[in-house]
Amino acid sequence: MLSRRAVITTAAAASAGLRAAGAQRPSSEPMAALPAPATMLRLARRSIDVNGKPASVLGIRQPDGTFGITTDVGTPFRVRVENGIDEPSLIHWHGMAPPWQQDGVSGISAPPIAPGSSADYDFPLRFGGTFWMHSHQGLQEQQLLAAPLIIRDPRDRADQQDVVVMLADFSFTPPEQIFEGLKKMQDMGSMASKARGTPGSGAMPAMANMPGMVKAGTDAPDLNDVKYDAFLANDRTLADPQVVKVEPGGRVLMRIINSSSMSAYHIDLGRLEGELVAVDGFAVMPLSGRSFPIAVAQRLDIRLKIPREPAMHPVVAVLEGEREQTGIVLQAGNGQIRRVPGLAATASPALTLDLEGRLRATRSLVARKADRVHTLDLTGSMSGYTWSINNVVWNKDVPPLSVANGERVELVLTNRTPMPHPMHLHGHQFQVAAINDRRFSGAVRDTVLVPPRHRVTVAFDADNPGLWAFHCHLLYHMEAGMFTTFRYV
Ligand SMILES: [Cu+2]
């Protein structure tokens, strides 16, 4: 039975929200409960300081200034998004499983929100963890139109301090110009060798690293298409990092969100040893370490035990394949703050699947044979910066891939390009089921890295009918066509 909750929203989203809230409300929740007021999220232009220079960027904030949302599992996600920027926009709840019309993908789930207008969302939060929200309209994500979405659940300990770190890549060059530069790069291929943009020159595409430019006989992947001006952790660089006070001897849960448009990192905990307890919000068998890889759009929950002595503990993210790094500083007691360099001592390696292959979900999918298998080659060409799936460059006429409600679906993702692609499925979690030919019960997550010349198989249960996006989460790869959709039939 539907409740009489006031859901004041646009047509499709409204009926979907009501249906979800009514059908899936936990039975313990009294039907007469008053609706919680909607949380207001306002999209707005704002100014940040990047290494001493002012930068105009976008942001998602509540009226009290809070970036994004922290809420609790079991409560409804009842949110109004107000578009206070001067262009249409739409926000995607990355990793959530809302009714499809509320998924926030412009042109797929709903039309964008016009400037000065708003849209309402209302769906149940059935699982918790570290998630995030970001614009799924054009290239707005590159302008930092993203924020944390933290859902507390019984895994959270009262004696543990949450520290959220959002990583981002930043350029003073407008994203449209970056994209144009990437598309033109084809003509300059012959000049490619070692030419790189110099810091401060804006986002010169890194020509040495263009797709298709791998030298014969090398296995080195192509990394970092775009040369950025800065890498940010919670909007700041290491020249002026965020300093978070922590309790000597206390426990900290680092919730690390890679909101970068194009950049992957190695999280370096320095002298601290951490315990990785969740990826993309979902629990894994804990793994100890001092360094953990994070691809674009992924999240890592890392537990730290802070030593008893007063000290500073930098937590940095080193750009894959490079020395550039960003991060924050944990200050235990009156530990003295020293400057953390913006460059690591040595260049980091490319991300691999070594960690992915060791991750095990604490709650696996029920063992079951796949009812449907989609074989999806990740393809692309140097020519004009075109990226595709099964050699199909996305456009509105591309027919959706089919799945049916109740099926176990497997996606076999083979990377035929020299660049890594972090692949993201909307509206569902999947479990990593195989790397190349080795099957195992890996992590449950929503974004998986497929390195060059690798094959990753993921499995999911088709339990959320609708039309869903599936794409590479590198912003310019997605924009260039490495995108498709699934439709329930
Ligand atoms: Cu890609």
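In this text, all values refer to a predicted model and were calculated from it rather than measured experimentally. (Residues numbered from 1 in each chain as written. Predicted model: local features only at pLDDT ≥ 70, side-chain atom pairs only at ≥ 80, totals over all residues. Heavy atoms only, no water.)

### Considerations on the coordination of the copper ion
Phase 1 of the analysis: Within the first shell, the copper ion binds the protein through His-421 (ND1), Cys-472 (SG) and His-477 (ND1), at distances of 2.0 to 2.1 Å.
Phase 2 of the analysis: Each donor residue of the copper ion belongs to the same chain, with the gaps between them written as H-x50-C-x4-H.
Phase 3 of the analysis: The exposure class of Cys-472 is buried, given its relative accessible area of 0%. (Donors = N, O, S within 2.8 Å, 3.2 Å for Na, K, Ca; no water. Buried < 20%, exposed > 50% of the residue type's maximum accessible area, 1.4 Å probe, protein only.)

### A closer look at empty space enclosed by the protein
Phase 1 of the analysis: By the definition in use, this model includes five cavities of 30 Å³ or more.
Phase 2 of the analysis: Within this model, the largest cavity holds a volume of roughly 120 Å³.
Phase 3 of the analysis: Taken together, 14 residues make up the lining of the largest cavity; nearest its centre are Met-262, Ala-264, Glu-320, Pro-420 and Leu-474.
Phase 4 of the analysis: When the residues that make up the lining of the second largest cavity are grouped by side-chain class, the tally is nine nonpolar, two polar and two charged. (1 Å grid on protein atoms, 1.4 Å probe; cavity = no way out; pocket = protein on both sides within 12 Å on 5 of 7 lines; lining within 4 Å. Points joined across faces, edges and corners; volume = space filled by probe spheres on them. Nonpolar A, V, L, I, M, F, W, Y, C, P; charged D, E, K, R; others polar.)

### Observations regarding the sheet that holds strand S22 (residues 401-403)
Phase 1 of the analysis: The five strands lie next to each other as S22-S31-S30-S24-S28, forming an open sheet whose pairing is mixed. Across the chains shown, the open sheet's two edge strands, defined by having one partner strand only, are S22 and strand S28 (447-450). Direction aside, neighbouring strands of the sheet carry axes that sit 25° apart on average.
Phase 2 of the analysis: Where strand S24 (residues 421-425) meets strand S30 (residues 467-472), three bridges bridge the pair, whose relative direction is antiparallel. From the neighbouring strand, Leu-425 faces S30, where its bridge partner is Phe-470. (Pairing = 2+ DSSP bridges. Helix = DSSP H or I, 4+ residues; strand = E, 2+ residues; numbered from the N terminus. Axes fitted to C-alpha atoms, helices over the stretch in contact; angles between N-to-C directions.)

### Quick word on the environment of Val-432
Phase 1 of the analysis: Take Val-432: it is sitting in strand S25 (residues 430-435).
Phase 2 of the analysis: When its relative accessible area of 0% is taken as the criterion, Val-432 is described as buried.
Phase 3 of the analysis: Not counting residues within four places of it along the chain, the set of residues in contact with Val-432 comprises Glu-356, Phe-440, Ser-441, Gly-442, Ala-443, Arg-445, Val-448, Val-456, Thr-457 and Val-458. (Contact = heavy atoms within 4.5 Å.)

### Structural notes on the side chain of Arg-46
Phase 1 of the analysis: Its location among the elements puts Arg-46 in strand S1 (residues 39-50).
Phase 2 of the analysis: Among the polar contacts made by the side chain of Arg-46, one reaches the side chain of Asp-235 at a distance of 2.8 Å.
Phase 3 of the analysis: Residue contacts for Arg-46: discarding those within four places in its chain leaves Ala-55, Ser-56, Val-57, Leu-58, Gly-59, Arg-61, Phe-67, Leu-144 and Asp-235. (Polar contact = N/O pair within 3.5 Å; in protein donor to acceptor, adjacent residues only side chain to side chain.)

### Details of the layout of surface pockets
The method is simple in principle: a probe with the dimensions of a water molecule rolls over the atoms, and the space it marks as empty is what remains.
Phase 1 of the analysis: What the second largest pocket holds in volume is close to 330 Å³.
Phase 2 of the analysis: Residue lining of the second largest pocket: 17 residues in total, with Phe-67, Ala-147, Pro-148, Met-166 and Asn-234 positioned closest to the centre.
Phase 3 of the analysis: Looking at the lining of the second largest pocket, the elements with two or more residues in it are strand S3 (69-72), strand S8 (146-152) and strand S9 (160-170).
Phase 4 of the analysis: Ranked by the residues each element gives to the lining of the second largest pocket, the list is headed by S8, at four residues.
Phase 5 of the analysis: Residue composition of the lining of the second largest pocket, by class: 10 nonpolar, five polar and two charged.

### Quick notes on the nonpolar core
Phase 1 of the analysis: Core analysis: the largest hydrophobic core is formed by 91 residues, its most contacted members being Met-254, Ile-267, Ile-302, Leu-330 and Tyr-476.
Phase 2 of the analysis: Of the residues forming this core, the biggest block, five residues, is contributed by S30.
Phase 3 of the analysis: Leave out the neighbours within four places in its chain, and Met-254 touches Val-163, Val-165, Leu-300, Asp-301, Ile-302, Leu-304, Val-315, Ile-328 and Leu-330.
Phase 4 of the analysis: Counting 29 residues, the second largest nonpolar core, distinct from the first, contains Val-79, Phe-127, Leu-149 and Val-444. (Core = buried A, V, L, I, M, F, W, Y, C linked by side-chain atoms within 4.5 Å.)

### Things to note about the packing of aromatic side chains
Phase 1 of the analysis: Overall, the coordinates contain 15 aromatic pairs when judged by the stated rule.
Phase 2 of the analysis: Ring centres 5.7 Å apart and planes at 55° place the aromatic pair Phe-127 and Phe-131 in the tilted group.
Phase 3 of the analysis: With centroids separated by 4.8 Å and ring planes inclined at 90°, the aromatic side chains of Phe-170 and Phe-172 adopt a geometry described as edge-to-face.
Phase 4 of the analysis: Among the residues examined, Phe-170 registers a relative accessible area of 4% and is labelled buried.
Phase 5 of the analysis: A residue is classified by how much of its surface remains accessible, and Phe-172, at 33% relative accessible area, is partly exposed.
Phase 6 of the analysis: Taken together, the ring pairs connect Phe-77, Trp-93, Tyr-121 and Phe-123 into an aromatic cluster. (Phe/Tyr/Trp six-rings, centres within 6.5 Å; stacked < 30°, edge-to-face > 60°.)

### Some points on the pairing of strand S7 (residues 129-135)
Looking down a regular strand, the side chains alternate between one sheet face and the other.
Phase 1 of the analysis: Extensive coverage of S7 is indicated by the burial of seven of its seven residues.
Phase 2 of the analysis: Where strand S5 (residues 91-94) meets S7, four bridges bridge the pair, whose relative direction is antiparallel. Counterpart to His-92 in the pairing with S7 is His-134.
Phase 3 of the analysis: When S7 meets S8, the two strands line up antiparallel, connected through six bridges. Looking across to S8, one finds that His-134 is bridged to Ala-146.

### Thoughts on the side chain of Thr-484
Phase 1 of the analysis: When you line up the elements, Thr-484 lands in strand S31 (residues 483-488).
Phase 2 of the analysis: If we skip the residues at most four places from it in the chain, Thr-484 touches Ile-389, Trp-394, Val-398, Leu-401, Trp-468, Ala-469 and Phe-470.

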